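Examination of the molecular architecture
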Amino acid sequence: MLIRVINPNTTRAMTDLIGRCARVVAAPGTVVEAVTPSMGPASIESHYEEALAVPGILEQVAQGERDGADAYVLACFGDPGLDAARELATGPVLGIAEAAMHAATMVGRRFSIVTTLGRTMGRAHDLVDRYGFRDACAGVHACEIPVLELDAPGSRAEAIVTDYCRLAVEGDGADAVVLGCAGMADLCARISDAVGVPVVDGVTAATTLAQSLVTLGLRPAVAGEYATPPPKAMRGLLAPFEIAAAAVGGGPSPAAAPLVVTAD
């Protein structure tokens, strides 16, 4: 089984961290390929950056289809481009926010989310509603640590995130915590030990669920909303993303996607 884990930002160090965490839960025989888009923002902390990350994500899905990927994980808590990626992919595509929220409700009645910057909290609330977890979500907290400072040398990020997780448990009455950033993936076990409740990382949750969906033979619908997009002219910088007419009904294949791929 080949699972392509896409870091939607262009910071290679974060791709490496995400890949290491995903491989920890990979089953025997599962290959995890962590990749970085050739275009996009260094980190995603705004709606603007999230929108600009989507072409790079779709670039990596298109390459994955050529390479025979069985499933995909989008490793950003905003789940950017998730619906579009599902239209391109022949295998399951999981966002880490969706996967983490599902996993949290399987080990606790109510969960809280601890994310990075306050300006991303609205997106977290939007996804809670979209995925049907309004009653299960006890609160959303921002620790005001920029994404790229989570693993900076000398950073107190782990201690700060741990404190916010403890606040969520004690203040919200949450019996599980969801970490709201892929850059927090390696903190999960230590924080869980510190605060005494399950702490869910979306990277590992999505990787494990992707494996399960492939094993079950479950794929995106080939008709309706997630059918391959119709052939249509694309102009300017997006011209390479045009869907070839031959691809419709026979598997997605953007005509000439600019596939400059880096993978570890």
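No experiment lies behind these values; they were computed from the predicted model shown.

**Looking at the overall build of the protein**
Of regular secondary structure, the protein possesses eight helices and nine strands. Over its C-alpha trace the protein gives a radius of gyration of 18 Å, about what one expects of a compact globule, namely 18 Å for 264 residues. Along the three orthogonal principal directions, the C-alpha set of the protein runs to about 55 × 35 × 35 Å. Expressed as a percentage of the 264 residues in the protein, the buried residues total 51%.

**Comments concerning helix H7 (residues 188-195)**
Within the span of H7, buried status applies to Cys 188, Ile 191 and Val 195. Looking straight down H7, one finds that the buried residues subtend no more than 70 degrees of arc, so they occupy a single side. Of the residues in H7, the exposed ones pointing more than 90 degrees away from the buried face are Ala 189 and Asp 193. Looking at the residues trailing H7, positive phi occurs at Gly 196, about 85 degrees.

**Things to note about the sheet that holds strand E7 (residues 176-180)**
In spatial order, the strands read E6-E5-E7-E8; together these four strands make up an open sheet with parallel pairing. Each having just a single partner strand, strand E6 (137-142) and strand E8 (199-201) make up the two edges of the open sheet. Between one strand axis and the next, the sheet turns through 25 degrees on average, direction left out of account. Taken together, the five bridges between strand E5 (residues 111-115) and E6 define a ladder with parallel strand orientation. Its bridge partner being in E6, Ile 113 is matched across the sheet by Val 140.

**Considerations on the nonpolar core**
One finds Met 101, Phe 111, Ile 113 and Val 161 to be the most contacted residues of the largest nonpolar core, which totals 75 residues. Ranked by residue count, the leading element in this core is helix H4 (residues 96-107), at six residues. Those residues in contact with Phe 111 that sit more than four places away from it in its chain are Met 101, Ala 104, Thr 105, Phe 133, Ala 136, Cys 137, Ala 138, Gly 139, Ala 174, Ala 176 and Val 178.

**Observations concerning the pairing of E6**
Of all the six residues making up E6, five are buried; the element is thus mostly covered by neighbouring parts of the structure. On the question of chirality, the crossover connecting E5 to the parallel E6 by way of helix H5 (residues 121-130) is right-handed.

**A closer look at the packing of H4 against helix H8 (residues 202-216)**
Look at H4 against H8: their axes get within 8 Å of each other, and the N-to-C directions meet at 85 degrees. As summarised for this structure, H4 and H8 are arranged roughly perpendicular, according to the angle between their axes. Contacts between H4 and H8 involve Ile 96, Ala 99, Ala 100 and Ala 103 on the former and, on the latter, Gly 202, Val 203, Ala 205, Ala 206 and Leu 209. When its residues are assigned to classes, the contact of H4 with H8 shows eight nonpolar, one polar and no charged.

**Description of the confidence of the model for the protein**
Looking at the protein, pLDDT values average 93 and 93% of them are 70 or higher. The model gives residues 255-261 a pLDDT under 50, and that stretch makes 23 contacts with residues more than four places away or in other chains.

**Details of helix H6 (residues 157-172)**
In a regular helix each residue adds 1.5 Å, so 16 residues correspond to 22 Å; H6 covers 21 Å between its end C-alpha atoms and thus fits that length. Restricting attention to buried positions, one finds in H6 the residues Ala 157, Val 161, Thr 162, Cys 165, Ala 168 and Val 169. Mapping the buried residues of H6 onto a view down its axis gives an arc of 130 degrees, with all of them on the same face. When the buried face of H6 is taken as reference, the exposed residues oriented beyond 90 degrees from it are Glu 170 and Gly 171. The inward-facing, buried residues of H6 contact E5, E6, E7 and H7.

Calculation criteria
- Residues numbered from 1 in each chain as written.
- Predicted model: local features only at pLDDT ≥ 70, side-chain atom pairs only at ≥ 80, totals over all residues.
- Heavy atoms only, no water.
- Helix = DSSP H or I, 4+ residues; strand = E, 2+ residues; numbered from the N terminus.
- Rg over C-alpha atoms; globule rule 2.2 N^0.38 Å.
- Buried < 20%, exposed > 50% of the residue type's maximum accessible area, 1.4 Å probe, protein only.
- Arc of directions from axis to C-beta.
- Pairing = 2+ DSSP bridges.
- Axes fitted to C-alpha atoms, helices over the stretch in contact; angles between N-to-C directions.
- Core = buried A, V, L, I, M, F, W, Y, C linked by side-chain atoms within 4.5 Å.
- Contact = heavy atoms within 4.5 Å.
- Right-handed = clockwise from strand over helix to strand, strands pointing away.
- Parallel < 35°, antiparallel > 145°, perpendicular 65-115°, else oblique.
- Nonpolar A, V, L, I, M, F, W, Y, C, P; charged D, E, K, R; others polar.
- pLDDT = per-residue confidence, 0-100.
- Expected span 1.5 Å × (residues − 1).

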